[in-house]
Amino acid sequence: MDVMGSFGTSARWLLVAVLAMSCSTAQPDGLDEVNEQVANGRRGDRATTSIARVQSVFPEIPSWQHAVVEQTRPFPFLAGEDPNSSVSVGTTSDGTLINGRWIAPSPTVEILPLQFTRDLAYGTDELVAALRSAAAHVAEKTPGSILYLGNVAQRWGGDIQWSVSHNNGRDADLAFYSRDPFGWQRRPPNLLHYGQNLRSVEFSGFYRFDAALNADLAQGLFNHTGSQIQYMFMARYLELAVVDVLRQRGVEREELIKIQEVLYEPRGSAIHDDHLHIRIYCTADDLCGGCENTGSIRPWVDEFASAKAACVERFADIVQDDVDPVQRAHAVSRLGLVGATAKRSVVIAAASDSDPGVRLAAVAVLGQLRDSESTRALIAREPLEADAAVKCALVDALGGTRGRPTADHLGAMLAREDGTMCGAGLPLKAKVAQAATNLESTGIVPALIAVLDDVQIGAAAAEALQMLTNHQEAIDWSQPTAGTDAKTQWEAWYKRNKKKTREVWLAAGFREVGYSVASLQKQSVPGLLDAILGPKHCSVNAQRALMKISGEDPASLDWSPEDAAWYWTRFFKKNQSKYGLDLSHRPERPVSATPSDAPEPDSQ
Ligand SMILES: [Zn+2]
């Protein structure tokens, strides 16, 4: 037995053991990270944040200053649904989690100390059940075994800084079951890397990957019936050790083949030599709340297509027939969450519902759909809408659409007398000017210039003009004559340029600031990459131009300019020959850049 064989070097092991134990009982160093994040308010979508002293659930770790993030995300539950049930919304990289369930430490499941301080031990009810049942399966065969968890998800989901995924409660990082040289399973101080020899890279190989226990874990996860497993990622050589055990045990061929389809070393991300990353598919209830499966769907997996179709019908019926306006509004939002373009006409009708709450939900969904029919419906509804809140939401919804009809309608709204206010100090017309910022059609330019001297909306109109034309006029907005000055200057600019196309405007705008952009064609990619770090209007227009040139549609406009520049530089360096470019001397990352939200490979 190799446990006994290791005793020859036991003096060295003893030293390493003492080191390992002292690491595992020290106050986790991730704490500062958490407190710093809370202090900086890193994630803007947290409703409230507070610091509280929490008693540690690990008796050997003293209680610490633990960040408690209280946040709720409203979700349109319907009558008959449990408002406390978990829902996995969207995709694992862009989604959210409703009512994430905390994985309380138990005799068979614990959370590693560093990850415990991050407060990420939340998953959907079904993920938590899968983890508990697999851990129980392992402990039943080998009493005393404990499954140690790394990152799972935040209580209300969303991005976490350590991984691209883990956003909606269906992913979990699991420490591999391991043993020390004396054959004991002890809590590792963190997720440890295992080499080809199945020994930990950290602590000079003190921890040994236990293929038998990890095989039980894989089998327990695969055979759990409350949910369906999509991925079990681990490094190839670890997977082979696990599969060897399963084969020796005489696991049925069919089961083994299926397990191997799910259990493998992923391509294009970390090799997963330090944790088992698992993901479960959306359940039927998740799908009715907007859950989206991405990646492979195994042939034996139930995609719940009929359950989802039944939900869509039920939502549409509620929108059309329910007497309770709250139910109607929630059902409209649910149609939006499941992306029910087939029920577009139901949503369009709901935009004329007698209840403003239903109309509010409907215009938001039409704004998300962004197709020409939905846009036309929003434009048709606008002059009829009497409720200020709905009208303001309608303008926001239109702001997400970019076509000519939207430009014409927003232009007409600017020219109209309208005293509607959207909250304190924000006139509807300022919102209209803001919505025009996203447009790519030039028809609205004269209407924006015409309102520059309006004290309440002039500055918003100037910003929209800058974005639309890629040109900046030097205006000192602290001066009392700023509005009329701006109007005079922009009228002169428009007179000189109105015959040119927007492409010509954009290219000239880049050159005004000093970027070498002759046209918006592939030859100008280097100049466009530089412009991402320029003034905001240049940055946005450069990214949109790069999207058109590449046909790619990343969410880079939501990232910091440094991350966006990094992404696009990497993309064009990788594909330089396809675009006839030589970018080999260009650094991938701008020198001043700091990593934050841009995609990084999945990590611990
Ligand atoms: Zn992971």
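Given the structure is predicted, the values throughout are model-derived calculations rather than measurements.

1. Overview of the overall build of the protein
Part 1: Per the secondary structure count, the protein includes 24 helices and 14 strands.
Part 2: Of all intrachain contacts in the protein linking residues separated by at least 6 positions in sequence, the fraction that spans at least 24 positions is 66%.

2. Quick notes on the pattern of salt bridges
In a structure, side chains of opposite charge can pair up when their charged atoms sit close to one another.
Part 1: Here the structure, examined in full by the defined rule, presents 28 salt bridges.
Part 2: Of the charged contacts, one joins Asp-216 and Arg-249 as a salt bridge, the two residues approaching to 2.7 Å between their closest N and O atoms. Of this pair, Asp-216 sits in helix 6 (residues 211-223) while Arg-249 is found in the loop between helix 7 (236-248) and helix 8 (253-262), placing the two residues 33 residues apart along the sequence.
Part 3: Of the residues examined, Arg-249 reaches a relative accessible area of 35% and is grouped as partly exposed.
Part 4: The partner of Lys-487 in a salt bridge is Asp-453, with the nearest N and O atoms 3.2 Å apart. Taken together, the positions of Lys-487 in helix 20 (residues 482-497) and Asp-453 in the loop between helix 18 (445-450) and helix 19 (458-469) put the pair 34 residues apart, joining distant regions of the chain.

3. Side note on the side chain of Ser-86
Part 1: The residue Ser-86 is located in the loop between strand 2 (64-70) and strand 3 (87-89) in this model.
Part 2: A residue is classified by how much of its surface remains accessible, and Ser-86, at 6% relative accessible area, is buried.
Part 3: A polar atom in the side chain of Ser-86 sits 2.9 Å from the backbone nitrogen of Asp-125.

4. Considerations on the pairing of strand 14 (residues 276-280)
Part 1: Across the five residues of strand 14, five count as buried, placing the element largely inside the fold.
Part 2: Along strand 14, one buried face is formed by Leu-276, Ile-278 and Ile-280 and the opposite face, lined by His-277 and Arg-279, is buried too.
Part 3: Alignment of strand 9 (residues 171-174) against strand 14, held across four bridges, turns out to be antiparallel. Within strand 14, the residue paired with Leu-174 across the bridge is Leu-276.

5. Section: unusual backbone geometry
Part 1: In this structure, Asp-119 is a non-glycine residue whose phi angle is positive, near 60 degrees.
Part 2: Tracing the backbone through its elements, the reader meets Asp-119 in the loop between helix 4 (113-117) and strand 7 (122-123).
Part 3: Of note, the phi angle at Leu-198 is positive, near 65 degrees, even though the residue is not glycine.
Part 4: By the element assignment, Leu-198 lies in the loop between strand 10 (178-179) and strand 11 (208-209).

6. Looking at the nonpolar core
Part 1: Ranked by internal contacts, the top residues of the largest apolar core, which has 65 residues, are Phe-315, Val-332, Leu-335, Leu-410, Ile-444, Leu-448 and Leu-452.
Part 2: Ignoring any residue separated from it by four or fewer positions in sequence, one finds Ile-444 in contact with Ala-407, Leu-410, Gly-411, Leu-414, Ala-436, Leu-439 and Leu-468.
Part 3: The next biggest cluster of nonpolar side chains, apart from the first, holds 49 residues, and it includes Val-138, Leu-174, Met-232 and Leu-238.

7. Structural notes on the packing of aromatic side chains
Part 1: A complete count under the given rule lists 20 aromatic pairs for this structure.
Part 2: Where Trp-568 meets Phe-571, the ring centres are 6.0 Å apart and the plane angle is 75 degrees; that geometry is what we call edge-to-face. Note that Trp-568 and Phe-571 are positioned in helix 24 (residues 561-574) at a spacing of three residues, about one turn of the helix. For the pair shown, Trp-568 and Phe-571 are each scored as buried.

8. Describing helix 15 (residues 388-399)
Owing to its 3.6 residues per turn, the α-helix aligns residues three or four sequence positions apart on the same side.
Part 1: In this model, helix 15 (12 residues) spans 17 Å end to end at C-alpha, consistent with the 16 Å of a helix rising 1.5 Å per residue.
Part 2: Contacts from the buried residues of helix 15 go to helix 13 (356-369), helix 14 (372-381), helix 16 (404-415) and helix 17 (428-436).
Part 3: A distance of 3.0 Å separates the backbone nitrogen of Ala-389 from a side-chain oxygen at the start of helix 15, and that oxygen is part of Asp-387.

9. With respect to the state of the cysteines
Part 1: Under the defined criterion, the tally for this structure stands at three disulfides.
Part 2: Across the disulfide, Cys-288 is cross-linked to Cys-311 (sulfur-sulfur distance 2.0 Å). Given an S-S torsion of about 90 degrees, the disulfide between Cys-288 and Cys-311 has right-handed geometry. You can see Cys-288 sitting in the loop between helix 9 (284-287) and helix 10 (305-321) and its partner Cys-311 sitting in helix 10, a full 23 residues away along the chain.
Part 3: By relative accessible area, Cys-311 is classed as buried at 10%.
Part 4: A disulfide bridge connects Cys-392 with Cys-422, and the sulfur atoms are separated by 1.9 Å. As the torsion about the S-S bond is roughly -90 degrees, the Cys-392-Cys-422 disulfide counts as left-handed.

10. Some words on the confidence of the model for the protein
Part 1: Across the protein, the average pLDDT comes to 87, with 86% of residues at or above 70.
Part 2: Low pLDDT, under 50, characterises residues 1-69; the predicted model gives this stretch 111 contacts beyond four residues in sequence or across chains.
Part 3: In the model, residues 592-604 has pLDDT below 50 throughout and makes 43 contacts with residues more than four positions away in sequence or in other chains.

11. Structural notes on the environment of Thr-142
Part 1: If you trace the backbone, Thr-142 turns up in the loop between helix 5 (125-141) and strand 8 (147-149).
Part 2: Taking C-alpha positions, Thr-142 is 9.8 Å from Ala-212, a pair spaced 70 residues apart along the chain.
Part 3: Beyond its immediate sequence surroundings of up to four residues, Thr-142 is in contact with Arg-179, Leu-213 and Asp-216.

12. Observations regarding the packing of helix 23 (residues 536-550) against helix 24
Part 1: Packing of helix 23 against helix 24 brings their axes to within 12 Å, and their N-to-C directions diverge by 25 degrees. As judged from the angle between their axes, helix 23 and helix 24 are roughly parallel. Taken as a pair, helix 23 and helix 24 cross one another with a handedness that is left-handed. Of helix 24, the residues touching helix 23 (which contributes Ser-539, Gln-543, Leu-546, Met-547, Ile-549 and Ser-550) are Pro-561, Ala-564, Trp-568, Phe-571 and Phe-572.
Part 2: Of the residues belonging to the contact of helix 23 with helix 24, the class tally is eight nonpolar, three polar and no charged.

Calculation criteria
- Residues numbered from 1 in each chain as written.
- Predicted model: local features only at pLDDT ≥ 70, side-chain atom pairs only at ≥ 80, totals over all residues.
- Heavy atoms only, no water.
- Helix = DSSP H or I, 4+ residues; strand = E, 2+ residues; numbered from the N terminus.
- Contact = heavy atoms within 4.5 Å.
- Salt bridge = Lys/Arg side-chain N within 4 Å of Asp/Glu carboxyl O.
- Buried < 20%, exposed > 50% of the residue type's maximum accessible area, 1.4 Å probe, protein only.
- Polar contact = N/O pair within 3.5 Å; in protein donor to acceptor, adjacent residues only side chain to side chain.
- Pairing = 2+ DSSP bridges.
- Core = buried A, V, L, I, M, F, W, Y, C linked by side-chain atoms within 4.5 Å.
- Phe/Tyr/Trp six-rings, centres within 6.5 Å; stacked < 30°, edge-to-face > 60°.
- Expected span 1.5 Å × (residues − 1).
- Disulfide = S-S within 2.5 Å.
- pLDDT = per-residue confidence, 0-100.
- Axes fitted to C-alpha atoms, helices over the stretch in contact; angles between N-to-C directions.
- Parallel < 35°, antiparallel > 145°, perpendicular 65-115°, else oblique.
- Left-handed = near helix turned anticlockwise from the far one by under 90°.
- Nonpolar A, V, L, I, M, F, W, Y, C, P; charged D, E, K, R; others polar.

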